[in-house]
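Structure assessment
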Amino acid sequence: MTIKFGLIGGGVMGEALLSRLIDRGIYQPSEVIVSEPQPSRQSYLEQKYAVTVTPDNRLVFTAATEVVFLAVKPQVFSAIAQELADVIGTNSSPLVISILAGVPLGQLEAGFPQLPVIRAMPNTPATVGAGITAICLGAYTHANHYQKAQEIFAAVGEVVEVPENLIDAVTGLSGSGPAYVALMVEALADGGVAAGLPRAIAYQLALSTVLGTATLLHETKLHPAELKDRVTSPGGTTIAGIAQLEKAGFRSALIEAVIAATVRSLELGK
Ligand SMILES: NC(=O)C1=CN([C@@H]2O[C@H](COP(=O)(O)OP(=O)(O)OC[C@H]3O[C@@H](n4cnc5c(N)ncnc54)[C@H](O)[C@@H]3O)[C@@H](O)[C@H]2O)C=CC1
Ligand SMILES: O=C(O)[C@@H]1CCC=N1
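Residues numbered from 1 in each chain as written. Chains lettered and ligands numbered in written order. Predicted model: local features only at pLDDT ≥ 70, side-chain atom pairs only at ≥ 80, totals over all residues. Heavy atoms only, no water.

Okay, the overall build of the protein chain next. The number of helices and strands found in the protein chain is 12 helices and eight strands. If one aligns the C-alpha atoms of the protein chain with their principal axes, the spans along those axes are about 70 × 40 × 30 Å. Per-residue burial for the protein chain yields a buried fraction of 40% across its 270 residues. Residue pairs at least 24 apart in sequence account for 66% of intrachain contacts in the protein chain once pairs closer than 6 positions are excluded. As displayed, the protein chain offers around 14000 Å² of accessible surface, 61% of which is attributable to carbon and sulfur atoms. (Helix = DSSP H or I, 4+ residues; strand = E, 2+ residues; numbered from the N terminus. Buried < 20%, exposed > 50% of the residue type's maximum accessible area, 1.4 Å probe, protein only. Contact = heavy atoms within 4.5 Å. Areas by Shrake-Rupley, 256 points an atom, 1.4 Å probe, with all protein chains shown as cover.)

In structure tokens:
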């Protein structure tokens, strides 16, 4: 069978995409090739997904007819572009999709001359199909490339299109955001323990509160301020907690976290 989808870098995000694409039947295992240098990851991916795995990025690039998906760390992009330089143009001009934080379309298109390139920023909830991905289109893309990227990322959650000048901010918010939320869940559970709850119950309460609140906001489209007002009784417990959060700069800390991660994303592309 023809190899249609090539994945370069079979780590956390590469696997998240791979697992859902196969699960959803968007690609058959026999249509997928993955390049990955770590022997332990190679055998794991081969056994779990029954895809072809190789240490050879050039083989992936020449074999994949539809899509080459880049999921390596941004720091190794230049080396990979150099490695692939003389095989570009020898195959069927696949769509290149990059999820590398910070690496701009200009740099990607210089590495893959004349090829259609899409820069994307997914997030780790993609692993369970609850991700959100922002995509921006390169100069050589057409409607069919956009549709392909939509199909691929819809397999792991929601998809939005943004102009490239906003993708670093997307990285700072939804790309890195799962780590901020995880930190919040951990801290809420710690608070519960500090207030006397057993650890397991504190964790269950913290996680369920975050999940339930997100689901409520998502399903009702209620504004977060409106929800906060509904929880906050005059002279009650919640306003006592909120006053403490404001004193500690909770909102400001989150705003500054998104800005710092955005700035770091911009730095990675330099
Ligand atoms: N982890 C996250 O939450 C998100 C990560 N990203 C981006 O996704 C990319 C991958 O991140 P992760 O999956 O977290 O990293 P990871 O470290 O889990 O995966 C990278 C994989 O690439 C492999 N690799 C290293 N050098 C290679 C080479 N020369 N050729 C082929 N494969 C090579 C590594 O062995 C590893 O398995 C990064 O560029 C990151 O900016 C984007 C959105 C979210
Ligand atoms: O921390 C990082 O650089 C990557 C990009 C977004 C999430 N993780």
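For Ala50, which is not glycine, the phi torsion reads 55° and is therefore positive. With a relative accessible area of 55%, Ala50 lands in the exposed category. Within the chain, Gln114 stands out as a residue other than glycine whose phi angle is a positive 70°. Positionally, Gln114 belongs in the loop between helix H5 (105-111) and strand S6 (117-121). What makes Gln114 exposed here is its relative accessible area of 58%.

The next thing to look at is the side chain of Asp168. Within the element layout of this structure, Asp168 appears in helix H7 (residues 167-175). Residues within four places of Asp168 in sequence aside, it is in contact with Gly102, Arg119, Thr262, Ser265 and Leu266.

Moving on: the sheet that holds strand S3 (residues 52-54). If you trace the eight strands from one edge of the open sheet to the other, you get S3-S2-S1-S4-S5-S6-S7-S8, paired in mixed fashion. With partners counted over all chains shown, the strands left at the sheet margins are S3 and strand S8 (157-161), one partner each. Pairwise comparison of adjacent strand axes, ignoring direction, gives a mean angle of 20° for this sheet. Its contacts with the sheet place H7 against S6 and strand S7 (131-137), and it is angled at close to 35° to S6. (Pairing = 2+ DSSP bridges. Axes fitted to C-alpha atoms, helices over the stretch in contact; angles between N-to-C directions.)

So, about the packing of H7 against helix H8 (residues 177-194). Following both chains from N to C, one finds H7 and H8 inclined at 25°, their axes separated by 5 Å at the closest point. Overall, the two elements H7 and H8 adopt an arrangement that is roughly parallel. Across the interface between the two elements, Gly172, Leu173, Ser174 and Gly175 of H7 pack against Gly177, Pro178 and Tyr180 of H8. Classifying every residue of the contact of H7 with H8 by side-chain character gives three nonpolar, four polar and no charged. (Parallel < 35°, antiparallel > 145°, perpendicular 65-115°, else oblique. Nonpolar A, V, L, I, M, F, W, Y, C, P; charged D, E, K, R; others polar.)

So, about the nonpolar core. If you look at the biggest cluster of nonpolar residues, it comprises 30 residues, and the most contacted ones within it are Phe5, Leu18, Phe69, Ile97, Ile152 and Phe153. Among the secondary structure elements, those contributing two or more residues to this core are strand S1 (5-8), helix H1 (12-23), strand S2 (32-35), helix H2 (39-49), strand S4 (67-70), strand S5 (95-98), S6 and helix H6 (143-154). Among residues more than four places away in sequence, those in contact with Phe69 are Phe5, Gly6, Leu7, Ile8, Leu17, Ile97, Ile99, Ile152 and Phe153. Membership of the second largest hydrophobic core comes to 29 residues, among which are Val60, Ala64, Val68 and Val96. (Core = buried A, V, L, I, M, F, W, Y, C linked by side-chain atoms within 4.5 Å.)

For the rest of this paragraph, the subject is the site of ligand 2. In the region of ligand 2, the neighbouring residues are Ala101, Gly175 and Ser176. Starting from 240 Å² of accessible surface for ligand 2 in isolation, the protein chains cover 47%. (Near = heavy atom within 4 Å.)

Time to look at the site of ligand 1. Within the structure, ligand 1 sits among 21 residues, and Val12, Met13, Glu36, Gln38 and Val72 are positioned closest to it. Contact between ligand 1 and Ala101: an oxygen atom at 3.1 Å from a main-chain N or O atom of the residue. Taken together, the residues of the shell around ligand 1 sort by class into 13 nonpolar, six polar and two charged. (Polar contact = N/O pair within 3.5 Å; in protein donor to acceptor, adjacent residues only side chain to side chain.)

With that settled, the discussion passes to the domain arrangement of the protein chain. Looking at the assigned domains, one finds that the protein chain contains domain 1 (5-164) and domain 2 (177-268). When each unit is reduced to the centre of its C-alpha atoms, the spacing between domain 1 and domain 2 is 33 Å. Counting residues at the interface gives nine residues for domain 1 and four residues for domain 2. With both sides pooled, the region where domain 1 packs onto domain 2 buries about 420 Å², and carbon together with sulfur makes up 56% of that total. Summed over the three residues of domain 1 that lose the most area to domain 2, namely Gln75, Ala101 and Gly102, the buried surface amounts to 49% of that side. Here domain 1 and domain 2 share one residue pair in polar contact (both at pLDDT 80 or more) between them. Grouping the amino acids of the side of domain 1 that touches domain 2 by side-chain chemistry returns three nonpolar, four polar and two charged. (Domains from an automatic or database assignment. Buried area = accessible area lost by both parts, 1.4 Å probe.)

On to the packing of aromatic side chains. Considering all chains together, one arrives at five aromatic pairs under this definition. Between Phe5 and Phe69, the ring centres sit 6.0 Å apart and the planes meet at 35°, which makes this aromatic pair tilted. You can see Phe5 sitting in strand S1 and its partner Phe69 sitting in strand S4, a full 64 residues away along the chain. Ring geometry for Phe77 and Phe112: centres 6.3 Å apart, planes at 50°, overall tilted. (Phe/Tyr/Trp six-rings, centres within 6.5 Å; stacked < 30°, edge-to-face > 60°.)

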